[in-house]
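Next come the chains, spelled out residue by residue.
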Amino acid sequence: MPEVPALLDTAVGALGGARRDGQRRMAAAVAHAIDTGEHLAVQAGTGTGKSLGYLVPALRHSVRSGNTVVVSTATIALQRQLVDRDLPRLAQALAGPLHRAPEFAILKGRSNYLCLNRIHSGATEEPADELFDPFAISRMGREITRLREFASETDTGDRDDLDPGVSDAAWRQVSVTARECIGASACPYGADCFAEAARKRAGGADVVVTNHAMLAIDALTGVNVLPDHDVVIVDEAHELVDRITAVATDELSPTSVGLLARRVGTIVDQELADDVAGAGEMLGELLEASPVGRWVNPPDGGEVTLAAIRDRLWRAHTAIGPVRGKDLDQQAAAARTATLTAVEEAHDSVVRILNSFAEPDEARRRDVVWIAEERTRTGDTRRALHVAPLSVGGILRSSLFGEATVILTSATLTIGGSFDALAVTWGLPAGGSGEAPSSSATAEAVDGPSVPDAREVTATGRAVPSDADGSSHSAGLRWNGLDVGSPFDHRKSAILYIAKHLPPPGRAQLPPPVIDELVELITAAGGRTLGLFSSMRAAREATEAVRERVEFPVLCQGEGMTSALVRDFAADEPTCLFGTLSLWQGVDVPGPSLSLVVIDRIPFPRPDDPLLTARQRAVESRGGNGFLSVAASHAGLLLAQGAGRLLRSTSDRGMVAVLDPRLATARYGGFLRSSLPPFWPTTDGEVARASLKRLRPG
């Protein structure tokens, strides 16, 4: 079987690509990691071709060994790119050298597929926000009709194949979670189940494409939802911790408990259902009497109230009892299973919240608890109790890194010039920063398989705390870090302009000097600006102010579907687009339509973010720098993501302008600047504007 460099040449030639040294270095490093079993973090800049860089060695390993490789992504877009474009073409190109065409499949959580039993049984649940909104109810009715039609036409039952999509509330009426499923053997539609068919396809594939949420479920539940595998490739690895945290976060609200009581009332006696309804009322009173934010300790009477809610839910759970299919028809069995699961999940959430306070040292607790308040679609406010893990490093260390060889890759993995910040959150040991290899090692990696240069090895095996809880069990894990660079010549292609003369940002409206600076930059660039703001309030303020002073169209996130706004922005060169978080990571507009990226302020997390604040305090309690470890690392990652919107092809030219002087003046400014690509820097506004004028077409 040909070695990886030869296979990569075949693949690149068949797909019409060009030789890229960074891609070849990456492929060699991935192959080496698979051979040695040492974990690998690879930073591969935009344009490197990282998908081929990991897919070619992955396919070779799977075909050669007979073992499955799991590829996990954070976004649906990348899943689709891999399954619909990259893997079909790659499998065809490598069929000859590998002596057969590699097989691949996509696998998602069960709730992403239509449940035929749910559809045909007519079982529904009442969505919380739509209870008193007749327009929402009418819309959901139309969507469910569409879903029934879709069920008779689709071969996959995959939600992502439904275009246009439907609301989450409507989809919940035709899908079940893994815990709600009554099982293929008991289900009258088990033989035709879309989710089971997807699992069967995945079980026989060489490469299975899934998502970070499925990795989380596999790690958190102990249930093997993924097929047996010996290698996991995590693309968009910078999002791994947030995705795992999201899956591991529980929410409990008075509304959800009230709806649960209605479901319980259809199965057991009304007295027990009234007990559960009373638990929802007790929770509502507790949340209304408590301030929004983190609970370092439960409020007065909180533990007693939560214990009472716990006991009422458990009595309902006991009364429902185990589901015995032989005693019930299938529709009743499905309804009972779903209700039993919902009661159990609510009960377990309360137990988890109570247990979180058992450890008196808040820095060593496993979970963080807080009250959040949000507005519903009807304009009312809704409070809920949340509980999330203080750290997911231990989960990843034991259930991901302890079970397979893991390759983590993204365009942005180094923060402050090091892999360590992210490595620690993954549960890997700090102790190095994955320096670039020597020129001789680079040549070896480009021309053939090689062992990474010693300076690329970042794990030292020394015991250092890797979790927010202060544990140090990651010391035995070995991992390498490698930055393969980018095909872009950043210093010749782009400028980093820091408006050092502006006032530091405050909590009030955008000050006039910031608006003036923004208008001058946009005018010099001839529009063609992506404005990335730290909040929707700031984005809207800037939009209104700039529209009055420039001749170019200015679009603002929230005025339409984000995907449509991005298309309009890309289609008309002078148009500007302003927005917030999703634009920092989700915009890919090569060419002259995007020549200026403006960042209004350093994207530090909100000081009242309960989870990040708890993680920061946990680091400080052990003598570390919580600000740099958590807040500044968070900001550095987002800055790198935002700046990465500028150069999307080798012919792109432009500027990243940061309107926050702290990036140049604060002590932590150097740390944040080292997280950005090596653009040519300046703090001179006249130089910046003159450069933008020279970049204007014509």
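Up top you'll find the structure we're talking about.
To start, this report covers the structure provided alongside it. Quick caveat: nothing in here was measured; it's all calculated off a predicted structure. (Residues numbered from 1 in each chain as written. Predicted model: local features only at pLDDT ≥ 70, side-chain atom pairs only at ≥ 80, totals over all residues. Heavy atoms only, no water.)

**A few points about the overall build of the protein chain**
Turning to step 1, where the next piece is worked out: In terms of helices and strands, the protein chain carries 27 helices and 18 strands.
Turning to step 2, where the next piece is worked out: Counting over 698 residues, the protein chain shows a buried share of 53%.
Turning to step 3, where the next piece is worked out: Restricting to contacts in the protein chain with at least 6 residues of sequence separation, those with at least 24 account for 76%.
Turning to step 4, where the next piece is worked out: Looking at the protein chain as shown, the accessible area adds up to about 29,800 Å², and 50% of this sits on carbon and sulfur atoms. (Helix = DSSP H or I, 4+ residues; strand = E, 2+ residues; numbered from the N terminus. Buried < 20%, exposed > 50% of the residue type's maximum accessible area, 1.4 Å probe, protein only. Contact = heavy atoms within 4.5 Å. Areas by Shrake-Rupley, 256 points an atom, 1.4 Å probe, with all protein chains shown as cover.)

**Quick look at the side chain of Ser-633**
Turning to step 1, where the next piece is worked out: Along the polypeptide, Ser-633 turns up in helix H24 (residues 626-643).
Turning to step 2, where the next piece is worked out: The class for Ser-633 is buried, based on a relative accessible area of 8%.
Turning to step 3, where the next piece is worked out: In this structure the side chain of Ser-633 is engaged in a polar contact, spanning 3.2 Å, whose partner is the backbone oxygen of Ser-629.
Turning to step 4, where the next piece is worked out: Sequence-distant contacts of Ser-633, defined by excluding residues within four places in its chain, comprise Ile-415, Ala-421, Leu-628 and Phe-671. (Polar contact = N/O pair within 3.5 Å; in protein donor to acceptor, adjacent residues only side chain to side chain.)

**Notes on unusual backbone geometry**
Turning to step 1, where the next piece is worked out: For the bond from Asp-163 to Pro-164, the omega torsion is 0 degrees, close enough to zero to count as cis.
Turning to step 2, where the next piece is worked out: In this fold, Pro-164 is placed in the loop between helix H6 (134-153) and helix H7 (168-172).
Turning to step 3, where the next piece is worked out: Backbone geometry places Glu-236, a non-glycine residue, at a positive phi of 50 degrees.
Turning to step 4, where the next piece is worked out: Summarising the element assignment, Glu-236 is placed in the loop between strand E5 (229-235) and helix H10 (240-247).
Turning to step 5, where the next piece is worked out: Backbone geometry places Arg-528, a non-glycine residue, at a positive phi of 50 degrees.
Turning to step 6, where the next piece is worked out: Relative to the assigned elements, Arg-528 resides in the loop between helix H19 (512-525) and strand E13 (529-532).
Turning to step 7, where the next piece is worked out: What makes Arg-528 buried here is its relative accessible area of 3%.

**Observations regarding the pattern of salt bridges**
Turning to step 1, where the next piece is worked out: In this structure the tally under the stated criterion is 31 salt bridges.
Turning to step 2, where the next piece is worked out: We note a salt bridge from Arg-80 to Asp-161, for which the minimum N-O separation is 2.6 Å. Residue Arg-80 is located in helix H4 (residues 76-94), and its partner Asp-161 is located in the loop between H6 and H7; the two are separated by 81 residues in the primary sequence. (Salt bridge = Lys/Arg side-chain N within 4 Å of Asp/Glu carboxyl O.)

**Comments concerning the packing of aromatic side chains**
Turning to step 1, where the next piece is worked out: The final tally for this structure, using the stated rule, is four aromatic pairs.
Turning to step 2, where the next piece is worked out: Summarising the aromatic geometry, the rings of Phe-604 and Phe-627 are spaced 5.4 Å apart at their centres and angled 45 degrees between planes, so their arrangement reads as tilted. Of this pair, Phe-604 sits in the loop between strand E16 (596-599) and helix H23 (610-621) while Phe-627 sits in helix H24, placing them 23 residues apart in sequence.
Turning to step 3, where the next piece is worked out: In this structure an aromatic cluster arises from ring pairing among Phe-604, Phe-627 and Tyr-668. (Phe/Tyr/Trp six-rings, centres within 6.5 Å; stacked < 30°, edge-to-face > 60°.)

**Considerations on the nonpolar core**
Turning to step 1, where the next piece is worked out: Residues Leu-114, Leu-240, Phe-401 and Trp-426 are the most contacted members of the largest nonpolar core, which totals 54 residues.
Turning to step 2, where the next piece is worked out: With five residues, the single largest contributor to this core is H6.
Turning to step 3, where the next piece is worked out: Each residue touching Phe-401, except ones within four places of it in the same chain, is listed here: His-39, Leu-396, Val-406, Leu-408, Trp-426, Leu-428 and Leu-477. (Core = buried A, V, L, I, M, F, W, Y, C linked by side-chain atoms within 4.5 Å.)

**As for helix H8 (residues 194-203)**
Owing to its 3.6 residues per turn, the α-helix aligns residues three or four sequence positions apart on the same side.
Turning to step 1, where the next piece is worked out: All of the buried residues along H8 are Phe-194, Ala-195, Ala-198 and Ala-202. Looking down the long axis of H8, one finds its buried residues gathered within 100 degrees of arc, a one-sided arrangement. Exposed residues pointing more than 90 degrees away from the buried face of H8 are listed as Lys-200 and Gly-203. (Arc of directions from axis to C-beta.)

**Details of the packing of H19 against helix H27 (residues 685-695)**
Turning to step 1, where the next piece is worked out: One way to put it is that H19 packs onto H27 with a least axis distance of 7 Å and a crossing angle of 30 degrees. Considering their axes alone, H19 and H27 lie roughly parallel with respect to each other. Here H19 contributes Glu-517, Glu-520, Leu-521, Ala-524 and Ala-525 to the contact with H27, which in turn contributes Arg-689, Leu-692 and Lys-693.
Turning to step 2, where the next piece is worked out: Classifying every residue of the contact of H19 with H27 gives four nonpolar, no polar and four charged. (Axes fitted to C-alpha atoms, helices over the stretch in contact; angles between N-to-C directions. Parallel < 35°, antiparallel > 145°, perpendicular 65-115°, else oblique. Nonpolar A, V, L, I, M, F, W, Y, C, P; charged D, E, K, R; others polar.)

**So, the environment of Leu-596**
Turning to step 1, where the next piece is worked out: Tracing the chain through its elements places Leu-596 in strand E16.
Turning to step 2, where the next piece is worked out: Taking the C-alpha atoms as reference, Leu-596 lies 9.4 Å from Cys-576; in sequence the two are 20 residues apart.
Turning to step 3, where the next piece is worked out: The residues touching Leu-596, leaving out its near neighbours within four places in the chain, are Leu-521, Ile-522, Ala-525, Arg-528, Thr-529, Leu-530, Leu-646, Met-655, Ala-657 and Leu-692.

**Quick look at the sheet that holds strand E9 (residues 381-389)**
Turning to step 1, where the next piece is worked out: Sheet architecture is open: four strands sit in the order E6-E9-E8-E7, paired in antiparallel fashion. Two strands close off the open sheet at either side, each with one partner strand: strand E6 (250-252) and strand E7 (293-294).
Turning to step 2, where the next piece is worked out: The sheet contact formed by E7 and strand E8 (residues 367-375) spans two bridges and is antiparallel. Looking at the pairing, Gly-293 lines up with Ile-371 of E8. (Pairing = 2+ DSSP bridges.)

**Section: the packing of helix H1 (residues 4-14) against helix H2 (residues 21-36)**
Turning to step 1, where the next piece is worked out: Closest axis-to-axis distance for the H1/H2 pair is 10 Å, and the angle between their directions is 135 degrees. Considered as vectors, H1 and H2 are oriented oblique to each other. For the crossing formed where H1 meets H2, the hand is right-handed. Between H1 and H2, the residues in contact are Val-4, Pro-5, Leu-8, Asp-9 and Val-12 and Gln-23, Arg-24, Ala-27 and Ala-31, respectively.
Turning to step 2, where the next piece is worked out: Classifying every residue of the contact of H1 with H2 by side-chain character gives six nonpolar, one polar and two charged. (Left-handed = near helix turned anticlockwise from the far one by under 90°.)

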